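Take a look at the letters that make up each chain.
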Amino acid sequence: MAKRTVIRLVDDLDDTEIVDGAGQTVSFALDGRQYEIDLTNEHANEMRAALERYVQAARKAGGRQNRAEVTSRKPAASVDYSPQAVRAWAKAKKIKVSPRGRIPQSVVDQFRAAGN
């Protein structure tokens, strides 16, 4: 006995079956929440038309990044000192420095001026 599993893509609005490229998944966000909905091409076009007025008046915020934008970013600048050594020196001198994150340049300058 053979078992066959059939997956059907249906329009989330009216359960119309979407066959052979006659539909799409539409992504959108509202009030800080991301949504996706599977629609026939007709319903997707209707949704875009209904939102067009608002999209034209809106500002873009955040948004998608293509692969070129993500990979072209510069890596973080390397430092020519040991952050652990600066933190230990600052602690010994009773200079407050966060245990994590960026060390203020003024503290690094004092560390270097002390001959380190």
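Residues numbered from 1 in each chain as written. Predicted model: local features only at pLDDT ≥ 70, side-chain atom pairs only at ≥ 80, totals over all residues. Heavy atoms only, no water.

**Student:** Help me out: how do you make sense of the nonpolar core in this one?
**Tutor:** Ranked by size, the top nonpolar core spans eight residues in total: Tyr81, Val86, Trp89, Ala90, Ile103, Val107, Val108 and Phe111. Counting residues per element, the ones that place at least two in this core are helix 3 (83-92) and helix 4 (105-113). The contacts of Ala90, once residues within four sequence positions are left out, are Ile95, Val97 and Val107. Formed by five residues, the second largest nonpolar core is a distinct cluster that contains Val26, Leu39, Ala44 and Met47. (Core = buried A, V, L, I, M, F, W, Y, C linked by side-chain atoms within 4.5 Å. Buried < 20%, exposed > 50% of the residue type's maximum accessible area, 1.4 Å probe, protein only. Helix = DSSP H or I, 4+ residues; strand = E, 2+ residues; numbered from the N terminus. Contact = heavy atoms within 4.5 Å.)

**Student:** Would you explain helix 1 (residues 41-57) in this entry?
**Tutor:** Each α-helix turn comprises 3.6 residues. Residues three or four places apart therefore point the same way. Here helix 1 spans 24 Å end to end across 17 residues, near enough to the 24 Å set by a 1.5 Å rise per residue. The sharpest bend along helix 1 measures roughly 50 degrees and falls at Leu51. Taken residue by residue, helix 1 has His43, Ala44 and Met47 as its buried positions. (Expected span 1.5 Å × (residues − 1). Bend = angle between axes of the 7 residues up to and from the residue.)

**Student:** Please explain a nonpolar patch on the surface as it appears in this structure.
**Tutor:** Taken together, the side chains of Leu51, Tyr54 and Val55 make up a nonpolar region of the molecular surface, amounting to roughly 300 Å² of accessible area. Within the element layout of this structure, Leu51 appears in helix 1. Leu51 gets classed as partly exposed once you look at its relative accessible area, which sits at 37%. (Patch = residues over 30% accessible without salt bridge, like charges linked within 9 Å, V, L, I, M, F, W, Y side chains within 5 Å. Areas by Shrake-Rupley, 256 points an atom, 1.4 Å probe, with all protein chains shown as cover. Salt bridge = Lys/Arg side-chain N within 4 Å of Asp/Glu carboxyl O.)

**Student:** Would you take a moment to explain the side chain of Arg87 for this structure?
**Tutor:** Mapping Arg87 onto the fold places it in helix 3. No salt bridge forms around the buried Arg87; measuring N to O, its nearest opposite-charge neighbour Asp80 is 13 Å away. If we skip the residues at most four places from it in the chain, Arg87 touches Val97, Ser98, Pro99, Arg100, Gly101 and Ile103. (Lys, Arg positive; Asp, Glu negative; His and termini not counted.)

**Student:** What am I meant to see in the environment of Ser98 here?
**Tutor:** Position of Ser98 among the secondary structure elements: in the loop between helix 3 and helix 4. Residue classification places Ser98 among the partly exposed positions, given a relative accessible area of 38%. Residues Ser98 and Arg87 lie 11 residues apart in sequence; the distance between their C-alpha atoms is 8.2 Å. Within the structure, Ser98 has its side chain in polar contact with the backbone oxygen of Arg100 (distance 2.6 Å). (Polar contact = N/O pair within 3.5 Å; in protein donor to acceptor, adjacent residues only side chain to side chain.)

**Student:** I keep staring at the pattern of salt bridges and nothing clicks. Help me out?
**Tutor:** Opposite charge on two side chains permits pairing when their charged atoms draw close. Taken as a whole, this structure holds two salt bridges when the rule is applied. Residue Glu17 is joined to Arg8 by a salt bridge in which the shortest nitrogen-to-oxygen separation is 3.6 Å. The class of Glu17 is partly exposed, set by a relative accessible area of 39%.

Shape descriptors only; they carry no functional weight alone.
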